[in-house]
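# Examining the three-dimensional arrangement
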Amino acid sequence: MNTTLRVISVGGLLLATLLLYTPFVPPLLSQLLCLSAFLGVGVLCVRDISKLRMHHRAALALTTLLVLYGGHLALHPDSAGFLRVPAYALSAVVLVVLLPEVVPKRSFLIALGVVGLLMSVLALLLAPFPTFRWKPGSGFVIKSIFQNPQSLGIIAVAGVWGLVPQTIRGKRRRVAAAGLVLCLVVIVLAENRSLLLGLTGGFTVIFAQRYRGALVSIPVVAIGAVGSLVVFGIVFDILPGPTALATYDLNNRVPLWIAAIEAVSQSPKALLFGYGAGNMSQLLEPYIVGRSPSGPHNGYLRMLLNTGVIGLIAYLRIQLDALNSLRTAVSINELTIVGLLVTFMVADLFGSITFFGFSTDTFLLAGATGYALRMTIDHDENAPSAAPSD
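As a starting point, this report considers the structure included with it. (Residues numbered from 1 in each chain as written. Predicted model: local features only at pLDDT ≥ 70, side-chain atom pairs only at ≥ 80, totals over all residues. Heavy atoms only, no water.)

## As for the overall build of the protein
Along the backbone of the protein there are 16 helices and zero strands. The C-alpha radius of gyration of the protein comes to 20 Å, within 12% of the 21 Å expected for a compact globule of 390 residues. Across its three principal directions, the C-alpha atoms of the protein cover 55 × 50 × 45 Å. The buried share among the 390 residues of the protein stands at 51%. When the accessible surface of the protein is split by element, carbon and sulfur atoms take 67% of a total near 17600 Å². In the protein, which carries 26 positive and 16 negative side-chain charges, the distance between the mean positions of the two groups comes to 10 Å. (Helix = DSSP H or I, 4+ residues; strand = E, 2+ residues; numbered from the N terminus. Rg over C-alpha atoms; globule rule 2.2 N^0.38 Å. Buried < 20%, exposed > 50% of the residue type's maximum accessible area, 1.4 Å probe, protein only. Areas by Shrake-Rupley, 256 points an atom, 1.4 Å probe, with all protein chains shown as cover. Lys, Arg positive; Asp, Glu negative; His and termini not counted. Charge placed at Lys NZ, Arg CZ, Asp CG, Glu CD.)

## Concerning helix α11 (residues 254-264)
Those residues of α11 that fall on the buried side of the exposure criterion are Val254, Leu256, Trp257, Ala259, Ala260, Ala263 and Val264. As for α11, its buried residues are in contact with α9 (214-235), α12 (268-273), α13 (280-284) and α14 (299-323). (Contact = heavy atoms within 4.5 Å.)

## Overview of a nonpolar patch on the surface
Nonpolar side chains collect at one region of the surface, where Leu28, Leu32, Leu35 and Leu39 lie side by side and expose about 370 Å² of accessible area between them. Following the sequence through the fold, Leu39 ends up in helix α2 (residues 27-48). (Patch = residues over 30% accessible without salt bridge, like charges linked within 9 Å, V, L, I, M, F, W, Y side chains within 5 Å. Salt bridge = Lys/Arg side-chain N within 4 Å of Asp/Glu carboxyl O.)

## What to know about the environment of Val67
Examined against the element boundaries, Val67 turns out to sit in helix α3 (residues 56-75). Accessibility expressed as a relative area gives 55% for Val67, which makes it exposed. Along the chain, Val67 and Val342 lie 275 residues apart, while their C-alpha atoms are 27 Å from each other.

## Quick notes on the packing of helix α6 (residues 149-169) against helix α15 (residues 332-347)
Across the interface, α6 lies against α15 with an axial gap of 10 Å and an inter-helix angle of 160 degrees. As summarised for this structure, α6 and α15 are arranged roughly antiparallel, according to the angle between their axes. Judged by the sense of rotation from one axis to the other, the crossing of α6 with α15 is right-handed. Here Ile154, Val157, Trp161, Val164, Pro165, Ile168 and Arg169 of α6 come into contact with α15, specifically with Ile332, Asn333, Thr336, Gly339, Leu340, Thr343 and Phe344. The class makeup of the residues in the contact of α6 with α15 is nine nonpolar, four polar and one charged. (Axes fitted to C-alpha atoms, helices over the stretch in contact; angles between N-to-C directions. Parallel < 35°, antiparallel > 145°, perpendicular 65-115°, else oblique. Left-handed = near helix turned anticlockwise from the far one by under 90°. Nonpolar A, V, L, I, M, F, W, Y, C, P; charged D, E, K, R; others polar.)

## Examining unusual backbone geometry
The phi torsion at Ser144 lies on the positive side, around 60 degrees, for a residue other than glycine. For Ser144, the location among the structural elements is in the loop between α5 (105-126) and α6. The exposure class assigned to Ser144 is buried, which follows from its relative accessible area of 1%. At Glu191, a position not held by glycine, the phi torsion is positive, near 55 degrees. Examined against the element boundaries, Glu191 turns out to sit in the loop between α7 (173-189) and α8 (193-212).

## Points about the pattern of salt bridges
Enumeration over the complete set of coordinates arrives at three salt bridges. Measuring nitrogen to oxygen at the nearest pair gives 2.8 Å for the salt bridge that ties Arg374 to Glu101. Remark: Glu101 occurs in helix α4 (residues 79-102) and Arg374 occurs in helix α16 (residues 360-381); sequence separation between them is 273 residues. For Glu101, a relative accessible area of 2% translates into the label buried. Two residues, Arg317 and Asp321, come together in a salt bridge whose shortest N-O distance is 2.8 Å. Remark: Asp321 and Arg317 occur in helix α14; sequence separation between them is four residues, near one turn of the helix. By relative accessible area, Arg317 is classed as partly exposed at 32%.

## Focus on the nonpolar core
Formed by 114 residues in total, the largest nonpolar core has its most connected members in Leu99, Phe108, Leu112, Ile155, Phe344, Phe356 and Phe363. Sorting elements by how many residues they give to this core places α4 first, with twelve residues. If sequence neighbours within four positions are ignored, Phe363 has contacts with Val10, Leu13, Leu14, Thr17, Leu95, Phe108 and Leu112. (Core = buried A, V, L, I, M, F, W, Y, C linked by side-chain atoms within 4.5 Å.)

The quantities given are spatial measurements derived from coordinates; they are silent on function.
Here it is, written out as structure tokens:
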């Protein structure tokens, strides 16, 4: 594939994932379009790969997760599993394994910037019209053509990170900087606090890496991880802490998290292997009163529900291997990939984002993970990537 086709392929795939969040396309049709887009890009990638490389630990962990999903489907077949497991396998292989091998980081980020900026401009143009804002009484919260503001915030974040390299080193830096600010304004107007927190974490890490190196950036990541664990320990009343924090339900998420933990605690088998890719709403309903939850609103707890402790460890293993790219990230494209990865790892604490599925946030987290893993391989092997140079 030439450079233009690479950018179009990534941008088209990203746009296909956005169809899932619009009311204009029937759900079945949007899923079929996503499936076709992933299959098409996967075929293009396979045709262009000269040598397939993957980090051995990450490959083993990803295989473990796919085996767990497939095993659950084989032992407990259901319609939800038959629809989801093939999609999970396809999306993970395309985004984590194939795409980073064929499409260079620069082309990937350009596609994010173009699509994210276009969607952000559209959102601001439609903002004056009540139809394209969130529920009455919620203030000036915009959602554009999507069904809720979260989807708009996600694609605007893609625009922010996609425009970072162009803002720093592009030929039209002022235009790129203006676009970046516009995307940030859209995120604020969409009131997506988890993504704003993720962006803060992402920019903090890459600034620390760029100006102080790994000796500072790695402790920053460690402090953030430990701080998150402490906060969750206080929220779950495991650790002592301020009463305000202990009683804060994080926008009604804490009851969902407690329900998820209660669900996997019902038997040693559920704790070890989870319940598979079934209907999480039905799974959580017995453990939460007065609500019909769509999921645990936490990607790590979603992995625990689906694949148990074994799958959660495998999932964390992949993320840790990807974060290892921070040690050697030097170029602006490499730092931007790490920033994107950190952003969605933080957002993963408050939304059901994983490597699996056709959603836009999955596309961004899995894509960033795949490129970060590729960076560690390039450094460890001291060899050029099979993908064209950035």
